[in-house]
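Below are the chains, spelled out letter by letter.
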Amino acid sequence: MALQLRPNCEYCDRDLPPDALDARICSYECTFCAECVETKLFNVCPNCGGGFAPRPIRPTQEWRPGVCTSKQAPSDKRVHLKYSLDDVAAHCARIRDVPPEKR
C-alpha cells in the first residue's frame, strides 16, 4: 500500500505536489507544509497529536515494474482541517512541549 501523497496543506491549502520538499506528514498521513508545521502547529498534528516527518518523494521513473507516480497515482482529493483554527491552536499549545515520542 502506497502513501496517498495528499495534494495540499490541510492548514493553509498550499499545493503540495508529489515532489514537494516542504511536505510534512504524521503517522496517519495528515499532510501539512513545513511552514505551517513550524509556525502554526509547532510540530503537533492537530488531528492525532503526533509529530511530523518530511514526506517521501515517490519516484517518477519506473525503476521497478509498477512502482512510480504514473502507476501509483498520488491522491487528488484535497483535505482540510476538521477543527477550528482556535481549537487547533489550543490543542497544539497544550502538548507542544511534550516530545513527539512521548505523546
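Residues numbered from 1 in each chain as written. Predicted model: local features only at pLDDT ≥ 70, side-chain atom pairs only at ≥ 80, totals over all residues. Heavy atoms only, no water.

Where an unreviewed UniProt entry is consulted, the protein chain appears under the name DUF1272 domain-containing protein, with the organism given as Bradyrhizobium guangdongense.

## What to know about the overall build of the protein chain
Per the secondary structure count, the protein chain includes two helices and three strands. Along the protein chain, helices (α) and strands (β) appear in the sequence β-β-α-β-α when read from the amino end. Within the protein chain, contacts between residues separated by at least 24 positions form 55% of all contacts whose residues are at least 6 apart in sequence. In the structure as shown, the protein chain presents an accessible area of about 6,500 Å², 52% of it carried by carbon and sulfur atoms. Each charge class in the protein chain can be summarised by its mean position, and for the 15 positive and 14 negative side chains these summaries are 4 Å apart. (Helix = DSSP H or I, 4+ residues; strand = E, 2+ residues; numbered from the N terminus. Contact = heavy atoms within 4.5 Å. Areas by Shrake-Rupley, 256 points an atom, 1.4 Å probe, with all protein chains shown as cover. Lys, Arg positive; Asp, Glu negative; His and termini not counted. Charge placed at Lys NZ, Arg CZ, Asp CG, Glu CD.)

## Describing the side chain of R24
Mapped onto the fold, R24 is located in strand 1 (residues 23-25). The buried charged residue R24 lacks any salt bridge, with E38 as its nearest oppositely charged partner at 4.9 Å. The residues touching R24, leaving out its near neighbours within four places in the chain, are C30, T31, F32, C33, A34, V37, F52, A53, P54 and R55. (Buried < 20%, exposed > 50% of the residue type's maximum accessible area, 1.4 Å probe, protein only. Salt bridge = Lys/Arg side-chain N within 4 Å of Asp/Glu carboxyl O.)

## Considerations on the pattern of salt bridges
On inspection of all chains with the given rule, the structure shows five salt bridges. Note that R14 and D22 form a salt bridge whose closest N and O atoms lie 3.2 Å from each other. By relative accessible area, D22 is classed as partly exposed at 26%. In this structure, D15 engages R78 in a salt bridge whose closest nitrogen and oxygen atoms are separated by 2.9 Å. On the criterion of sequence distance, the pair formed by D15 in the segment before strand 1 and R78 in the loop between strand 3 (53-54) and helix 2 (85-95) is long-range, its members being 63 residues apart. Overall, the relative accessible area of 52% leaves D15 in the exposed class. One salt-bridge network, held together by shared partners, links D13, D15 and R78.

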